[in-house]
Amino acid sequence: MAKKDVCVFCGKELSVFSSSLIGCGKTNQITCRDCVKKLTEISEVERCRLALDSGRAIDTDRIQAFLEEQERQERARPCCLRCRARMRVGDQIEVDISPIANPITDILNGHYLPLVPAYCDQCGKVEFFLPEHIKRRQTEGKTWEDGKNACSNGL
Ligand SMILES: [Zn+2]
Ligand SMILES: [Zn+2]
């Protein structure tokens, strides 16, 4: 007799009618209908942690890899200098600096300065970075801060 599927999140035995699937870090986890309702209200990262903690998760390597990638992205976000929250990074913009050009256009080789804005949801601070600095941190996964200047979430 085939082994019955169980809900990854609560361990309940499932029938064809009570089983469902939920996306979890590029995997699909088998879940009961009750858990699905709760799981759609939390973030995918939280779902992945619950799945791994349960010890019943399917494809744990992929979930782990997803969580590591998420953490790497998180670390690449700048930390707000005022309130230490993680800032959101926007898309690159080109700022026309011709009105204030001299003498810095000599240094910048043009009248358009490429900038990447970062926003703090918590205090409203906005600041700008040169694109290469943001990109380098995103690809290398480096943190912005040394220990004493760490973000409030400790990352
Ligand atoms: Zn369940
Ligand atoms: Zn802030």
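Quick note: structure is the one above.
Criteria and thresholds
- Residues numbered from 1 in each chain as written.
- Chains lettered and ligands numbered in written order.
- Predicted model: local features only at pLDDT ≥ 70, side-chain atom pairs only at ≥ 80, totals over all residues.
- Helix = DSSP H or I, 4+ residues; strand = E, 2+ residues; numbered from the N terminus.
- Buried ≥ 20, exposed ≤ 12 C-beta atoms within 10 Å, placed from the backbone.
- Contact = placed C-beta atoms within 7 Å.
- Core = buried A, V, L, I, M, F, W, Y, C linked by C-beta atoms within 7 Å.
- Axes fitted to C-alpha atoms, helices over the stretch in contact; angles between N-to-C directions.
- Parallel < 35°, antiparallel > 145°, perpendicular 65-115°, else oblique.
- Left-handed = near helix turned anticlockwise from the far one by under 90°.
- Nonpolar A, V, L, I, M, F, W, Y, C, P; charged D, E, K, R; others polar.

Draft legend 1. Structural view of the overall build of the chain. Looking only at helices and strands, the chain features 5 helices and 6 strands. Along the chain direction, N to C, the helices and strands of the chain fall in the order β-β-α-α-α-β-β-α-β-β-α. Counting every position in the chain, which comprises 155 residues, the buried fraction comes to 17%. Summarising the internal contacts of the chain: among those between residues at least 6 apart in sequence, 48% fall at separations of at least 24.

Draft legend 2. Seen up close, the nonpolar core. Counting 11 residues, the largest nonpolar core is built from C7, V8, F9, C24, C32, C35, L39, C48, A51, A57 and I63. Among the elements of the structure, helix 1 (33-39) and helix 2 (44-54) are those that each provide at least two residues to this core. Of all hydrophobic cores here, the second largest spans 5 residues; its members include C79, C80, M87 and A118.

Draft legend 3. Focus on unusual backbone geometry. Despite not being glycine, D59 has its phi angle at roughly 60°, a positive value. In the Ramachandran plot, R84 falls in the positive-phi region, its phi being about 70° despite a non-glycine side chain. By the element assignment, R84 lies in the loop between helix 3 (60-75) and strand 3 (88-89).

Draft legend 4. Summary view of the environment of G90. Take G90: it is sitting in the loop between strand 3 and strand 4 (93-96). Ignoring any residue separated from it by four or fewer positions in sequence, one finds G90 in contact with V116, P117 and Y119.

Draft legend 5. The packing of helix 2 against helix 3, seen in detail. Here helix 2 crosses helix 3 at 140°, and the two axes come no closer than 10 Å. Our classification of the angle between helix 2 and helix 3 gives oblique. Considering the relative orientation of helix 2 and helix 3, their crossing is left-handed. Contacts between helix 2 and helix 3 involve V45, C48, A51 and L52 on the former and, on the latter, T60, I63, F66, L67 and Q70. Grouping the amino acids of the contact of helix 2 with helix 3 by side-chain chemistry returns 7 nonpolar, 2 polar and no charged.

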